[in-house]
Amino acid sequence: MPAPMLHPVLKNGVGAFIPQCRRLVFHYCERSGSSRGMIEYLKKDLIQFAKEHPHVEVIVTPRPSKHPVIRGLYLNGKDKVVCVRNMEPTDIAGKVNLLKESAGNRMKVFKKPVISTTESVRGIWSPFHTAPHKI
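As recorded in an unreviewed UniProt entry, the protein goes by the name Large ribosomal subunit protein mL43, listed as coming from Entomortierella parvispora. What the UniProt record of the protein gives under Sequence similarities (unreviewed entry) is the line "Belongs to the mitochondrion-specific ribosomal protein mL43 family."

Okay, structure coming up:
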């Protein structure tokens, strides 16, 4: 009698990784000086980016009389918008990479810091603070 088939557990991080960014939308103005770096990035680097990352849908739309922005849309339904006004193409590539690697969640504020600059109220534990053990 054959053994029953094992089914893989499908969770992000176990097995295949599922990229969270599904779409990047590039908005730019054709005549604005603030879009100069964006236009240069679109002409030189965007095609290579799209070939390297086929899981990300790339959309380029002109938006007259507005500053250039990049909008990232994610699997959880949220989006992030980054203004790239007057940026160089290398800086824009960094912002595109940031949007591609993020998950769309908002930044969380931690209430208590992990590292403290003050000593503990109870002091540092030492084995010499306790009574000697009897064997």
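> Mind showing me how you'd approach the pairing of strand 3 (residues 69-74) here?
Residues in a regular strand point their side chains to alternate faces of the sheet. In terms of residue burial, strand 3 counts as a mostly covered element, since five of its six residues are buried. As paired elements, strand 1 (residues 21-28) and strand 3 share six bridges and run antiparallel to each other. Directly across from Cys21, in strand 3, lies its bridge partner Tyr74. Where strand 3 hands over to strand 4 (residues 79-83), the hairpin turn is made up of four residues, of which Gly77 adopts a positive phi near 90°.

> For this particular structure, what's the right way to read the nonpolar core?
Burial of nonpolar side chains together is a common tendency in soluble globular proteins. Counting residues in each nonpolar core, the largest one holds 17 residues, and the members touching the most others are Leu24, Phe26, Met38, Tyr41, Ile70 and Val96. Listing elements by their share of this core, those giving two or more residues are strand 1, helix 1 (36-44), helix 2 (46-52), strand 3 and helix 3 (89-101). Ranked by residue count, the leading element in this core is strand 1, at four residues. If near-sequence neighbours (up to four positions away) are discounted, Val96 is found in contact with Leu24, Phe26, Tyr41, Phe49 and Ile70.

> What exactly am I supposed to notice about the side chain of Ser35 here?
Position of Ser35 among the secondary structure elements: in the loop between strand 1 and helix 1. When near neighbours in sequence (up to four residues on either side) are disregarded, Ser35 contacts Tyr28, Cys29, Lys66 and Pro68.

> What is the right way to read the sheet that holds strand 4 from this model?
Think of a sheet as strands paired side by side through backbone hydrogen bonds, with each pair either parallel or antiparallel. If you walk across this open sheet you meet the four strands as 2-1-3-4, and the pairing is mixed. Edge positions in the sheet fall to strand 2 (57-62) and strand 4, since each has one partner strand and no second. Across the sheet, the axes of successive neighbouring strands diverge by a mean angle of 15°, strand direction being ignored. Strand contacts of helix 1: strand 1, strand 2 and strand 3, with the helix running at about 130° to strand 1, the strand carrying the most contacts.

What counts as what
- Residues numbered from 1 in each chain as written.
- Predicted model: local features only at pLDDT ≥ 70, side-chain atom pairs only at ≥ 80, totals over all residues.
- Heavy atoms only, no water.
- UniProt positions renumbered as here; feature names shortened; annotations may be inferred.
- Buried < 20%, exposed > 50% of the residue type's maximum accessible area, 1.4 Å probe, protein only.
- Helix = DSSP H or I, 4+ residues; strand = E, 2+ residues; numbered from the N terminus.
- Pairing = 2+ DSSP bridges.
- Core = buried A, V, L, I, M, F, W, Y, C linked by side-chain atoms within 4.5 Å.
- Contact = heavy atoms within 4.5 Å.
- Axes fitted to C-alpha atoms, helices over the stretch in contact; angles between N-to-C directions.

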